[in-house]
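Listed below are the residues making up each chain.
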Amino acid sequence: GAEVVFSVDCTKLNEYFLPGEREFDCIYFNFPHCGRKAGVVKNRELLARFFHSCAEVLAEQGEVHVALCNGQGGTPADQPRREWHNSWQVVAVAAGAGFILSDIHPFKAETIHGYKCTGYRSQDKSFCVEGALNHVFTRSTPPLCLTLVSCKTQLGSQKVSFQVPQVLVDKINRGFLELNSRHPVRTVKEKLSAGLSQAFPLQNISSCLPLLQQGHLRGVCHSNIFRIALSPGEAASTEETPEGLANPVWFSHFGQDTDRNVQEGCPIPEQLYLRPSLLPHAQAIIQKGSFPSGTLHVLSGPVFRQCRITPHSMPVFHEMLLVLAVSRGTENSCVQMLVDNIKTTTSSLHQAVSGVKPSISLQEATSLGTELNDFAAFECQLGEVQHFLCMGTDPDPSGSCVGVIRTAPDELKSSELVVVSASLNLDLLAMLLCGISDWRMLWTSDRRFLQQFPEGELRLFKSFSLYPPSYVHDVSFWVPDGEGFDEVAFHTLARRVSGEMVISIQLRDSFQQPGTGRRSLCYRVTFQSCDRALGCREAAEMQLRLREEIQQHLGVTLR
């Protein structure tokens, strides 16, 4: 009962079907080839035109199946794998038309009803399908069109408006921790809270925690924070201050007096910044005096930090801050009880998800030396850290620090109490528990991510974008005389220009010119997306924009 159409040009599918007949659920192309002795370049061109043609006739949730002989595809699934330049580069070619590789499995002709291999040019010579692979492609989410976003927030008794940094536009107000969310970050928080409630009276701080902070960041490198200027032309409107923590929050180290300028009516300074931590909000609670001994206060929400680009370095993540006042002399036993509870809960979760018991250790701050991931390194800038909570198959301080423990004997006015706090990186915990290798996947807009996580459950994540292509570009430039080069600012600029499509930036060479003393740096920039299609042309355009932006904003001279 099917309609069969012959002599269809695979590069012009829309010409053979009426508009109402173009919503195909599946398009199969078994062993495409230009014919005769066509080389890899011509066959790549054939595939590129085929995929662009498919985009015009495929249903939104449809699939494109392409069977290729062993080695042709150029993916790690090919055994043996050809050199990249000698393959058909099928994933990169498909990406140019907006498709991602979502599945790959052996091609078995005997399982396809009605399929017959006619041999090589219909001759007796057999067509070899041993080791052949079927590549299943699906539509990628479209590129993000990031426009400038203005955000309003409460700052003391005033409502202010500010422009969100472009690199964070798609990450503000995502609501991962809201009640109706089934995001794994919220599930991790709820599971941890349930475990902690078995050992401590729990009090969740439900008041709205301001996004903006102000004050002197002692010990914190300014290149690690997102500075904010209030939107021009918008006067702050004075309204009644809501209850809770909507007062302006000034930053100070745990164990030091909070700045006394945190009074109603203080003028709003010109320079503000997005909160890099929830610690100041905990200090605000403590300074109010309503801090009962033995009750574990839980604060949670997104925090923002500029950092270098790595798969585990996050410019925004969800912090879970636990604060507890205990009797002096009992702080060590309380820390141990707190850590044991967290370890028990996370071990149970990890074992339930992957069937493997993880290694979770509490390590002295002095034992780690300089081997810290970005999360731990920034926490050390905020104030003295006594312990690091590390999680992994083996304790790996360089990549598995998921929490820090502090004790602050001078934070309370009472000489009988000591404040114990634990800061946990919920995003990193969710990644380790669910087997997510790239933090960017937590923020994807692709519906296929959340579909894998029923509400209240954690599961092992299966990527819907396999073997994403990467594109390597180098950039070299002279840095201004007598000035240091801010690498964090360079990485942040690359994040913004590429829309988080840069996965790695590595210093390849540093050269100082004899005589003049001018210094030149060469960096290797690798573009790769974890969740959507990225073609070579789009990556090259990003590289050109990055070159323009670093010259304009970082004051360098391109080479």
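None of the values given here were measured: they were computed from a predicted structure.

Student: Lay out the nonpolar core with the relevant residues and their values.
Tutor: Core analysis: the biggest nonpolar cluster contains 95 residues, and Leu274 and Leu322 have the highest contact counts within it. For this core, the element with the most residues is strand S13 (residues 316-327), which contributes nine residues.

Student: I'd love a proper account of the sheet that holds strand S2 (residues 58-68), names of residues and values included.
Tutor: The mixed open sheet is built from four strands, whose spatial order is S1-S2-S4-S3. The open sheet has two edge strands, strand S1 (24-30) and strand S3 (99-106), and neither has a second partner. Here the average twist between neighbouring strands, direction ignored, is 20°. As judged from the six bridges shared by S2 and strand S4 (residues 133-139), these two strands associate in the antiparallel manner. Considered in S4, the bridge of Ala67 is made with Asn134. Packed onto the sheet, helix H1 (residues 40-54) meets S1, S2, S3 and S4 and runs at close to 155° relative to S2.

Student: Please set out a nonpolar patch on the surface residue by residue, giving values where relevant.
Tutor: Residues Val5, Val8 and Tyr16 make up a contiguous nonpolar surface patch of roughly 200 Å² in combined accessible area. Mapped onto the fold, Val5 is located in the segment before S1. The exposure class of Val5 is partly exposed, given its relative accessible area of 35%.

Student: Please set out helix H4 (residues 279-288) residue by residue, giving values where relevant.
Tutor: In terms of burial, H4 is largely enclosed, as seven of its ten residues are buried. Leu279, Pro280, His281, Ala282, Gln283, Ile285 and Ile286 are the residues of H4 that are buried. At its buried positions, H4 is contacted by strand S8 (212-213), strand S12 (296-304), S13, helix H7 (374-382), strand S16 (401-408) and strand S17 (417-425).

Student: Talk me through the packing of helix H10 (residues 487-498) against helix H11 (residues 536-553); I want residue IDs and the actual numbers.
Tutor: Two elements in contact, H10 and H11, have axes whose closest approach is 10 Å; the angle formed by their N-to-C orientations is 135°. Classified by the angle their axes make, H10 and H11 are oblique. Considering the relative orientation of H10 and H11, their crossing is right-handed. Between H10 and H11, the residues in contact are Phe490, Leu493, Ala494, Arg496, Val497 and Ser498 and Met542, Arg545, Leu546, Glu549, Ile550 and His553, respectively. Split into classes, the residues belonging to the contact of H10 with H11 amount to seven nonpolar, two polar and three charged.

Student: For the pattern of salt bridges, give the residues involved together with the corresponding values.
Tutor: Per the counting criterion, the structure on display carries twelve salt bridges. A salt bridge links Arg440 to Asp438; the nearest nitrogen and oxygen atoms lie 2.8 Å apart. Note on Arg440: relative accessible area 9%, which makes it buried.

Student: Provide a residue-level description of the packing of helix H3 (residues 184-196) against helix H5 (residues 331-354), including the pertinent values.
Tutor: H5 packs onto H3 with a crossing angle of 130° between their chain directions and a minimal axis gap of 9 Å. The angle between H3 and H5 falls in the class oblique. Note that H3 runs across H5; the crossing there is right-handed. Where H3 approaches H5, its residues Lys191, Leu192, Gly195 and Leu196 are matched on the opposing element by Leu338, Asn341, Ile342, Thr345, Thr346 and Leu349. A per-class count over the contact of H3 with H5 returns five nonpolar, four polar and one charged.

Student: Please provide a residue-by-residue account of the pairing of strand S15 (residues 387-392), values included.
Tutor: Across the six residues of S15, six count as buried, placing the element largely inside the fold. By the alternation rule, side chains of S15 split into His387, Leu389 and Met391 and Phe388, Cys390 and Gly392, which are all buried. As defined by bridge partners, strand S14 (residues 359-364) adjoins S15 across six bridges and the pair is classed as antiparallel. Within S15, the residue paired with Leu362 across the bridge is Leu389. Of the pairings in the sheet, the one linking S15 to S16 comprises four bridges and is antiparallel in character. Directly across from Phe388, in S16, lies its bridge partner Val404.

Definitions and limits used
The residue count restarts for each chain, going from 1 along the sequence in the order it is written. Since the coordinates come from a predicted model, pLDDT governs what is reported: local features require at least 70, and pairs of side-chain atoms require 80 or more to be given and counted, while whole-chain, interface and lining totals use all residues. Remark: hydrogens and water are excluded; side-chain values derive from all non-hydrogen atoms of the structure. Each nonpolar core is a collection of buried residues, namely Ala, Val, Leu, Ile, Met, Phe, Trp, Tyr and Cys, held together in the definition by side-chain atoms within 4.5 Å. Remark: exposure states derive from per-residue accessible area (1.4 Å probe, protein chains only) relative to the maximum for the residue type, with buried under 20%, exposed over 50%, and partly exposed in between. Secondary structure counts use DSSP, requiring at least four H or I residues in a row for a helix and at least two E residues in a row for a strand, with both numbered from the N terminus. When DSSP finds at least two bridges between two strands, those strands are taken to pair. Every angle, taken between N-to-C directions, lies between 0 and 180 degrees, and every axis is a line fitted to C-alpha atoms, over only the stretch in contact when it is a helix. Working rule for contacts: check all heavy atoms of both residues, and any pair within 4.5 Å makes them a contact. Residues qualify for a patch when their relative accessible area is over 30% and they have no salt bridge, like charges being joined within 9 Å and the nonpolar side chains of Val, Leu, Ile, Met, Phe, Trp and Tyr within 5 Å. A 1.4 Å probe and the Shrake-Rupley method give the accessible areas. Residues count as covered only by the protein chains that appear here. A carboxyl oxygen of Asp or Glu within 4 Å of a side-chain nitrogen of Lys or Arg is what we treat as a salt bridge. We call two directions roughly parallel when the angle between them is under 35 degrees, roughly antiparallel when it is over 145, roughly perpendicular when it lies between 65 and 115, and oblique otherwise. Left-handed describes a crossing whose near helix is turned anticlockwise from the far helix through less than a right angle; right-handed describes the clockwise counterpart. Gly is placed with the polar residues, together with every amino acid not listed as nonpolar (Ala, Val, Leu, Ile, Met, Phe, Trp, Tyr, Cys and Pro) or charged (Asp, Glu, Lys and Arg).

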